[in-house]
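Chains, contacts and geometry: an overview
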Amino acid sequence: MVSLSILDLSPVAEGSTLTKALDDTRRMARKAEELGYARFWLAEHHGMPGIASAATAVVIAHVGQATSKIRIGSGGIMLPNHSPLVIAEQFGTLEALFPGRIDLGIGRAPGTDMRTAQALRRNLEAGAQSFPQDILELKQLLGAPVENQAILAVPGANSNVPIWLLGSSMYSAHLAAMLGLPYAFASHFAPDLLLDAISVYRERFTPSDELDRPYVMAGVMGVAAETDEEARYLFTSSQQQFVNLRRNIRTQFPRPVRDMNAIWSEQERINVEHTLRYAAVGSKATISDHLDRFTAATGADEIIVSMPIHDVEARLRSLELFADVRDASKAAA
């Protein structure tokens, strides 16, 4: 079994509050550290009533205060929404607060609808076009200043926060390979190009000061419970969320239901099941089989699991069961 990490969106459960969602994230991070997960990442999304991690750096600091050793970071920051200097200052500050524990995963998607993206970026086209240059600028701001460098990130300079490139396309695979960065593929919601992108990344990887060989992280949705039936029931929250996204309905994270057929159309079912086809949902035995097959297919160095579960106690239990599967696999090896 490869290393397991957690991707958390600070889900705002239907009937709950932002304060409760952020407290649940704190509890998840502490439990993930206790159970030996490799890292705990948070993602930047905007304008979504079901997600509380929009101010991602602030929430990373929140979980940093609640933990002591697990790596924490972004999965990811949508760099075109920000100037590289602002992100360098934010993550340089996080590195100063939590030395040796910070990861900076970056992507180029908007992380929201186009109107909200416009409010964030002001110039959508320029943000996307300048993405490669912005990465290089960010690397320089986080590294050692060169002679006569005009702009300094303070905090940020000399922090050397590790940068990961996130993506769901061939573009991101080529760019991560060219820059010699670790690569995280968003297969938990964008599965189609997973194997092709990983292959291109590995074939074209150029060693860098940061990394001497390719390193692949792959994402899965994960819901573990005592039985397959219970896990499938809990997973209906995520299925509803994806239906709502396609209908442009913005809601808090839905409660699970016993019958999805009363909610989605046949075409919606096909689309959602395709989108979530790498999801690991079931009992420990089912999860173990799924992760074994997924790892064999991808050769991933690390799997990052997003646990879209409405009830935080069930979410914490899922965290425990995934860790049990990992530990049993290591013992068997």
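Placed above this text is the structure.
Quick look at the structure, then. Per-chain numbering applies: the sequence of each chain, read as written, is numbered from 1 onward. Confidence filtering applies because this is a predicted model: local features only for residues at pLDDT of at least 70, side-chain atom pairs given and counted only at 80 or more, and all residues used for totals across whole chains, interfaces and linings. Working from all heavy atoms in the structure, the side-chain values ignore hydrogens and water.

Positionally, His310 belongs in the loop between β9 (302-306) and α12 (312-332). At 3.2 Å, the side chain of His310 and the backbone oxygen of Glu14 are in polar contact. Under the scheme used here, helices are H or I runs from DSSP no shorter than 4 residues and strands are E runs no shorter than 2 residues, and both carry numbers assigned from the N terminus. Counted as a polar contact is a pair of N or O atoms within 3.5 Å, where, for protein atoms, one must be capable of donating a hydrogen and the other of accepting one, and residues adjacent in sequence contribute only when both atoms are in side chains.

Moving on, we come to the nonpolar core. One finds Tyr37, Phe40, Leu104 and Phe322 to be the most contacted residues of the largest nonpolar core, which totals 70 residues. A total of seven residues in this core trace back to one element, the largest contributor, which is α12. It only takes one pair of heavy atoms within 4.5 Å for two residues to be counted as in contact. Ignoring sequence-local partners within four residues, the contact set of Tyr37 consists of Leu4, Ser5, Ile6, Ala32, Ile70, Met307, Leu319, Phe322, Ala323 and Arg326. By size, the runner-up hydrophobic cluster in this structure holds 16 residues, among which are Ala231, Val243, Val272 and Ala279. Only buried residues count toward a nonpolar core. Its members are Ala, Val, Leu, Ile, Met, Phe, Trp, Tyr and Cys residues joined through side-chain atoms within 4.5 Å. Burial here depends on accessible area, computed with a 1.4 Å probe over protein chains only, as a share of the maximum for the residue type. Under 20% is buried, over 50% is exposed, and the range in between is partly exposed.

By this rule, a helix spans an expected 1.5 Å times one less than how many residues it contains. For helix α9 (residues 228-246), built from 19 residues, the straight-helix expectation of 27 Å at 1.5 Å per residue is met to within 8% by its first-to-last C-alpha distance of 27 Å. The largest bend in α9 amounts to roughly 30° and is located at Phe235. For α9, the complete set of buried residues consists of Ala231, Leu234, Phe235, Thr236, Ser237, Ser238, Gln239, Gln240, Gln241, Phe242, Val243 and Asn244. Check the buried side of α9 and you find it contacts β7 (216-224), α10 (266-275), β8 (280-282) and α12. Positive phi shows up at Asn248, right after α9, with a value of about 60°. Fitting axes to the seven residues that end at a residue and to the seven that start at it, the angle between those axes gives the bend at that residue.

Before going further, it helps to examine the pattern of salt bridges. Here, a salt bridge means any Lys or Arg side-chain nitrogen found within 4 Å of an Asp or Glu carboxyl oxygen. Under the criterion given, the structure shown has 19 salt bridges. For the salt bridge of Arg293 with Asp289, the shortest nitrogen-to-oxygen distance reads 3.0 Å. Of the two residues, Arg293 and Asp289 both sit in helix α11 (residues 284-298), four residues apart, roughly one turn of that helix. A residue is classified by how much of its surface remains accessible, and Arg293, at 49% relative accessible area, is partly exposed. Residue classification places Asp289 among the partly exposed residues on the basis of a relative accessible area of 41%.

A word on unusual backbone geometry. Note that the residue after Gly75, namely Gly76, is joined by a cis bond; omega there is 10°. Position of Gly76 among the secondary structure elements: in strand β3 (residues 71-78). A cis amide bond links Val154 to the next residue, Pro155, at an omega of -5°. Relative to the helices and strands, Pro155 resides in the loop between α6 (131-142) and β5 (163-167).

Once that is clear, we can look at the side chain of Ser283. Within the fold, Ser283 resides in the loop between β8 and α11. Look at Ser283 and you get buried, because its relative accessible area is 13%. Those residues within four positions of Ser283 in sequence are excluded, and the remaining contacts are Ala225, Glu226, Thr227 and Asp228.

So, about the packing of helix α1 (residues 18-34) against helix α2 (residues 56-66). Think of each axis as a best-fit line through the C-alpha atoms, taken over the contacting stretch in the case of a helix, with angles from 0 to 180 degrees between the N-to-C directions. Close contact between α1 and α2 brings their axes to 9 Å; oriented N to C, the two are set at 50°. Regarding the angle of α1 to α2, the classification is oblique. Both α1 and α2 take part in a crossing whose hand is right-handed. Along the contact surface, α1 presents Leu22, Asp23, Thr25, Arg26, Ala29 and Arg30, while α2 presents Val59, His62, Val63 and Ala66. Any angle from 65 to 115 degrees is called roughly perpendicular, while one under 35 is roughly parallel, one over 145 is roughly antiparallel, and all others are oblique. Crossings are assigned a handedness: left-handed for a near helix turned anticlockwise from the far helix by less than a right angle, right-handed for a clockwise turn.

Pairing of aromatic rings covers Phe, Tyr and Trp, the last counted by its six-membered ring, and requires centre-to-centre distances within 6.5 Å; plane angles under 30 degrees mean stacked, over 60 mean edge-to-face, and any other angle means tilted. Applying the stated criterion to the full structure yields six aromatic pairs. Their ring planes at 45° and their centres at 5.1 Å tell us that Tyr183 and Tyr201 sit as a pair that is tilted. Of this pair, Tyr183 sits in strand β6 (residues 183-185) while Tyr201 is found in helix α8 (residues 194-204), placing the two residues 18 residues apart along the sequence. On the basis of an interplanar angle of 70° and a centroid distance of 5.3 Å, the ring pair of Tyr278 and Phe294 is categorised as edge-to-face.

Take the pairing of strand β2 (residues 39-42) next. As a general feature of sheets, a regular strand has side chains that alternate between the two faces. Residues Arg39 and Trp41 of β2 are buried on one face, and the alternating residues Phe40 and Leu42, pointing to the opposite face, are buried as well. Note on pairing: DSSP must find at least two bridges between two strands before they are called paired. As defined by bridge partners, strand β1 (residues 3-8) adjoins β2 across three bridges and the pair is classed as parallel. Residue pairing across strands places Ile6 opposite Phe40, the latter belonging to β2. The parallel pair β1 and β2, bridged by α1, forms a crossover whose chirality is right-handed. Relative to β3, β2 is paired through four bridges, and the arrangement is parallel. By the bridge assignment for β3, Leu42 is matched with Ser74. Note on the crossover from β2 through α2 to β3: the handedness is right-handed. A clockwise path from the first strand over the helix to the second, with the strands pointing away from the viewer, defines a right-handed crossover.

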